[in-house]
Amino acid sequence: MVRVDLSKLTHLQKDASQVRNICILAHVDHGKTTLADSLIASNGIISTRLAGKLRYMDSRPDEQERQITMKSSSIALYFRQESQDAPASTGEEEYLVNLIDSPGHVDFSSEVSTAIRLCDGAIIVVDVVEGVCPQTRVCLQQAYNEQLSTVLLLNKIDRLVLEKRLEPAEAYHHLAQVLEQVNAVVGNLFATDVLAREQISTTADQTSALEEADDSFLYYTPQQGNVLFGSALDGWAFDLATFARLYHGKLEGVKDSGELLNALWGDYFYSPRKKAIEPGATEKGRKPLFVQLVLDNLWNIYGLVENRDEAKLRTISERCGVVQNVRDLKHADGRVPVRNLLAGWLPMERSLLGAVCRTVPNPTGISEMKAEKLLCSRLADFASYPAETQALKRDIMRCRADSERLIVFVSKMFPIEHGALAGAKDTLERLTKALSLSDPEDGGCDGEAEIFLAFARVYSGTLRRGSRVFVIGPKYDPRTMITTDDAGANPHLVEIEIDSLFLLMGRQLEPVDAVPAGNIVGIGGLQNVVLKTATLSNTRYCPPFVDLPMIATPILRVAVEPKDIQKMPQLVRGLKLLNQADACVEVRVQESGEHVLLTLGEVHLERCIKDLQETYAKIELNVSKPIVPFKETIVPFVPTSEDNPEEEIAKDREKDKTVTLQTPNRQCTIKLIAMPLSQEVVDLLNTNEPVLKAYIKAHEAKQPLPQALQDSISELRAGLTQLLPETVPFDRIWSFGPKKCGTNLLVNGTDFKHTAVWYENETTEQTADDPRAQYESSFLNGFQMASLAGPLCDEPMQGVCFLVERWELDVTIGVDLASVASHGPLSGQIMSAVKEGCKKAFQNQPQRLVHPMYSCNITVNSDVLGKLYAVIGRRHGRIQSADLIEGSGQFDVTAVIPVIESFNFATEIRKQTSGLAMPQLVFSHWETVEIDPHWVPSTEEEYLQYGEKADFTNVARVYMDAIRERKGLPVEKKLVEFAEKQRTLSKNK
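What you are looking at is a predicted structure, and each value in this text was computed from that prediction instead of being measured. (Residues numbered from 1 in each chain as written. Predicted model: local features only at pLDDT ≥ 70, side-chain atom pairs only at ≥ 80, totals over all residues. Heavy atoms only, no water.)

(A) Seen up close, the environment of E93. Within the secondary structure layout, E93 lies in strand β3 (residues 92-101). Along the sequence, E93 and Q18 sit 75 residues apart, while their C-alpha atoms lie 8.5 Å from each other. Within the structure, E93 has its side chain in polar contact with the side chain of Y95 (distance 3.3 Å). (Helix = DSSP H or I, 4+ residues; strand = E, 2+ residues; numbered from the N terminus. Polar contact = N/O pair within 3.5 Å; in protein donor to acceptor, adjacent residues only side chain to side chain.)

(B) The nonpolar core, seen in detail. L35, I523 and L597 are the most contacted members of the largest nonpolar core, which has 141 residues in total. Of the residues forming this core, the biggest block, seven residues, is contributed by helix α28 (residues 826-843). Aside from chain neighbours lying at most four places away, what touches I523 is V408, F452, L453, A454, A456, L463, I498, S500, L501 and L536. By size, the runner-up hydrophobic cluster in this structure holds 102 residues, among which are Y172, Y270, I277 and I316. (Core = buried A, V, L, I, M, F, W, Y, C linked by side-chain atoms within 4.5 Å. Buried < 20%, exposed > 50% of the residue type's maximum accessible area, 1.4 Å probe, protein only. Contact = heavy atoms within 4.5 Å.)

(C) Examining helix α24 (residues 707-723) more closely. Over its 17 residues, α24 extends 24 Å from the first C-alpha to the last, a length consistent with the 24 Å expected when each residue adds 1.5 Å. Buried within α24 are the following residues: L709, S712, I713, L716, G719 and L720. Each buried residue of α24 sits inside an arc of 125 degrees when the element is viewed along its axis, so together they form one side. Buried residues in α24 make contact with α22 (679-687), α23 (689-700) and β27 (733-737). (Expected span 1.5 Å × (residues − 1). Arc of directions from axis to C-beta.)

(D) Molecular detail of the pairing of strand β16 (residues 508-512). Judged from the five bridges that link them, strand β15 (residues 500-505) and β16 form a sheet pairing that is antiparallel. Note on β16: the bridge partner recorded for L501 is V512. The turn linking β15 back onto β16 is made up of two residues, and G506 within it adopts a positive phi angle of 70 degrees. (Pairing = 2+ DSSP bridges.)

(E) A look at the sheet that holds strand β21 (residues 586-589). If you trace the four strands from one edge of the open sheet to the other, you get β21-β22-β20-β23, paired in antiparallel fashion. The outermost strands of the open sheet, each flanked by one partner alone, are β21 and β23 (621-623). For this sheet, the mean inter-axis angle between neighbouring strands, taken without regard to orientation, is 30 degrees. Pairing geometry for strand β20 (residues 556-562) and strand β22 (residues 595-599), over five bridges, is antiparallel. Within β22, the residue paired with L556 across the bridge is T599. (Axes fitted to C-alpha atoms, helices over the stretch in contact; angles between N-to-C directions.)

The structure is reproduced here in structure tokens:
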């Protein structure tokens, strides 16, 4: 294969209609990287023999070592295919395909978000043996949410022949089941989206709405050309049209190619007697056409891998128009000549890239809805932007290179090796010289400075080297922009000069002078002004693009510090670079001064620590044990006695669980009680946390509420009205907490006219002559502080309602200076009293910890199923399902496991299953630990069961003590139990 001339690529960049921006999405080990190698080999960049072995897009050493992709990277490919619309002189149409390879491991799912934002389409890869896996569902959801046009590749069909030993008819039914699984996921996404948009609650209305919705475009059907079958390892793929063209005119009586195309997939067979295609193949015991015309031929070819027949192989190759050299025909590995035959007969790039160019729209085909979604979040009102800003939507839809308005989106910053710029020494020197992160106060840098490029796409206009553009931060708002020529007047708007531009070619970078609209580009010189994402434009009216969607929640965190404390500046600099280089990681500095890394999982954590020590900080580190966040909650009282449960409930009701407190100067009295909220209310508030944040932000900025935000608030209010118990009046909600948008409620049951949490009523509710009004903010702050740090281990509360039954303020008591000096001002006393009162009311109820849970999906053989169950049981997990995969002796096991128990889980699973199982852990939900951390035996039955010392492990107590110990809080520990006088060998006393 002759390597493609780069001039062709730069020429094709100028015509956006010939450009396709796509990414590859797949579960890990489904053949995504092998597929990328196969497509790259078609451009002559690597040898076809290295496809699947080189992993060309995985340039990091640890990617090669672990055999998993950890970052998104792009490469520009040239593709040419026959087309009726092409010029008559050539009969062929040329395309530039910007292919982005993204990670399949869930720990790097944020990298997938950075890739999807820049693309118009995607290739969904599914291993036909393993079927739909958890990450496959995530990929389908991401593609649906971002409105990408997708092509489905059913990969690794060779495994059905050589590994599973299925007959062609069995393989056909298996393929149909996998396709049905994929369509079931897509259908569920569509149904959820329709019902969410229509805001329908009744079953009848839901059914009607789904029937009326148009889903004709939705599903994957081979006849539409959006489903391909193939083997990336062997370099071949085909769609139904390939075989419809191949057999056109060869089946007697079938002259219409469209008829043959539609019958190639489904329950149809060819009747030689009637010379026609008929339905009912299964019923009549006949082979479906797909088996007869397609799979039988493939199975015969793969049969030559084990049954070597050089003459037969040569004959088949000649009939298929494939030239085989003698060396390959006599190769010791019988798969080599078979691979050459299939790759030459059904080349992967011809079918797959052809399907992409037909299915995926070019950059000028962006819909109005998607363009508006890029510029404006769902909770904002696009009509509220200036007319100049609204006009940018049309520019994005047109995607014209000659547009005066330049719009570029940077989805991430990524580090590059100096070797990638070996051919552009002047650019390398200029970028290195421009770095300012290595200033003396940051500790300098050892060796070569890290160079970062921006991973971006041009949506309108032409980006030229040397042009001046605005770097627009995520908090910039064109509605409140400062009308001045000085960009420095607004901290979220910085004017810079474009230093250098690059065509991204995988491991290599090719310098270019200009990049027109519709193309993906690498931009140099932005690392001092862009942290992770940004928008570039030559107009101040351009708003920042909407943030990338968060797929996974960073739940695993560690504290880091240098072994040599004098090297703290190097650590700080290293953390800055790591935060910029990794789209998934979060870096925080705690109130205690600790530097904390938030990561998505163990693999991601290991990579971050390695990068920090070896590349960015270049110092030795002390790394704490992984820190897992918890929450604190209360639950309804549950009787423990089976004999007299009613008596226990009656005794519990008789207890006074209210708390009454006074401020130290006796001027203020507060009485309140804590009550648990139902899980439905907690879920509702969790879902609407972004809504409450936007609501509070709009109120503080004194901006009118967008209609979408008003609708969301109305929906939230209706949900709370329906779900809250009668003891919690909806109209008396005083505040949400913590941070004014959490899952805890403060409810006013007094005669005080509080500020309405729904701001439209705040002017009518306030009573100016009430002396308590001036202390309301102190009262609320006390509740916020209590809900942010509960009494068990200073973790945030969840699902707790505090009902204030009494709040009295005695204004007749004088306030002297001595009282203020000893107790502080009354506002501070009220804040402290509310905080302590909430914590004591919390402790009067049954207390529980809430911990995060991972969902785990594992495919294992039946002989190691027992060992898998044992490992999950030891780590306090539970099995949710274990389904036998049809056509194999394997089980698809779904389980949940506490995050705090998940460390080294994957390693233990691999050891116990001899490397046959590779679990992927995905954050699933928060779950209550069903045991009181302070529980001790109190009844006769409990003493009989557990003994006086309760010799069993209280898991909740272990968790709580570990958190308290880490935070420096007092821990009740008996260091010596039943101590006796000790004797030593030297002194026998």
